[in-house]
Amino acid sequence: MNDDDLRKEFGITDEHVVFSFIGRLVIQKQILFIADVLKRLKEKNLKFKMIFIGKGVDAAKLKKRVSDNGLLDDVIFTGSVTD
């Protein structure tokens, strides 16, 4: 899969700033803080996509915070990626 395919699959345009987190989804890595910062960026009308790559014990908490912050259209959860 190339970059264009990934952009198409996840709805990423040239207007989007792309952020990514790669690692275990655990509270100690400040993932909830990241979700709160993303909410502030959205309030400032920044067009972005945030990609969380990985899994962890706090993934459900993060997904709830993303939902509560109104970011479901802006955040992508890929789960684990092995290649």
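This text goes with the structure placed above it.
Observations regarding the overall build of the protein
A count of helices and strands for the protein gives 3 helices and 3 strands. The order of α-helices and β-strands along the protein, N terminus first, is α-β-α-β-α-β. Relative to the globule expectation of 12 Å for 83 residues, the C-alpha radius of gyration of the protein, 13 Å, shows essentially globular dimensions. Looking at the protein as a whole, 29% of its 83 residues qualify as buried. Look at the contacts in the protein between residues 6 or more apart in sequence, and 78% of them connect residues 24 or more apart. A total of about 5,800 Å² of accessible surface is found on the protein, and carbon and sulfur atoms cover 52% of it.

A word on the nonpolar core
Ranked by internal contacts, the top residues of the largest apolar core, which has 14 residues, are Leu25, Phe52, Leu62 and Val75. When residues of this core are traced back to their parent elements, those giving at least two are α2 (31–43), β2 (48–53) and α3 (59–68). Element by element, the count of residues in this core is highest for α2, at 4 residues. Ignoring any residue separated from it by four or fewer positions in sequence, one finds leucine 25 in contact with Ile31, Phe52, Gly54, Lys55, Gly56, Val57, Asp58, Ala59 and Leu62.

Here we look at unusual backbone geometry
Of note in the backbone geometry, glutamine 30 takes a positive phi value of approximately 60° without being a glycine. Mapped onto the secondary structure, glutamine 30 falls in the loop between β1 (17–22) and α2. You can call glutamine 30 partly exposed: its relative accessible area is 47%. A positive phi is found at asparagine 45, a non-glycine position, where the angle reads about 65°. Along the chain, the position of asparagine 45 falls in the loop between α2 and β2.

Topic: the pattern of salt bridges
If charged atoms from side chains of opposite charge come close, those side chains can pair. Tallying each qualifying case throughout the model produces 5 salt bridges. Residues lysine 42 and aspartate 74 are paired through a salt bridge, measuring 2.7 Å at the closest nitrogen-oxygen approach. Linking lysine 42 in helix α2 with aspartate 74 in the loop between α3 and β3 (75–79), this pair joins segments that are 32 residues apart in sequence. One salt bridge connects lysine 61 with aspartate 58, and the closest N-O pair in it is separated by 3.6 Å. The exposure class of aspartate 58 is buried, given its relative accessible area of 8%.

So, the sheet that holds β3
With parallel pairing, the 3 strands of this open sheet are ordered in space as β1-β2-β3. Strand pairing shows two members of the sheet lacking a second neighbour, β1 and β3, which therefore form its edges. Averaged over all pairs of adjacent strands, the angle between their axes in this sheet comes to 15°, without regard to strand direction. In this structure, β1 lies alongside β2, joined through 6 bridges in parallel fashion. Bridging from a neighbouring strand, phenylalanine 21 pairs with phenylalanine 52 of β2. Each of β1, β2 and β3 touches α2; the most contacted strand, β2, lies at about 170° to it.

Cut-off values and rules
- Here the residue numbering is sequential within each chain, running from 1 through the sequence in written order.
- For a predicted model such as this one, the threshold for reporting local features is a pLDDT of at least 70, and the threshold for listing and counting side-chain atom pairs is 80 or more; totals across whole chains, interfaces and linings nevertheless cover every residue.
- Just so you know, side-chain values use all the structure's heavy atoms and leave hydrogens and water out.
- Strands are runs of DSSP state E lasting at least 2 residues, helices are runs of H or I lasting at least 4, and numbering of each runs from the N terminus.
- Throughout, the radius of gyration refers to the C-alpha atoms, and the reference size of a globule is 2.2 Å times the residue count to the power 0.38.
- A 1.4 Å probe rolled over the protein chains alone gives each residue an accessible area, and that area as a share of the maximum for its type sets the label: buried under 20%, exposed over 50%, partly exposed in between.
- Residues are treated as being in contact if the distance between any of their heavy atoms lies within 4.5 Å.
- To measure how exposed things are, a 1.4 Å probe is used in the Shrake-Rupley method; for residues, cover is taken only from the protein chains shown.
- Note on terminology: a nonpolar core comprises buried Ala, Val, Leu, Ile, Met, Phe, Trp, Tyr and Cys residues joined through side-chain atoms within 4.5 Å.
- For this analysis, a salt bridge means a side-chain nitrogen from Lys or Arg found within 4 Å of a carboxyl oxygen belonging to Asp or Glu.
- Pairing between two strands requires that DSSP report at least two bridges joining them.
- Convention adopted: a line fitted to C-alpha atoms gives each axis, helices being fitted over their contacting stretch, and angles between N-to-C directions are expressed from 0 to 180 degrees.

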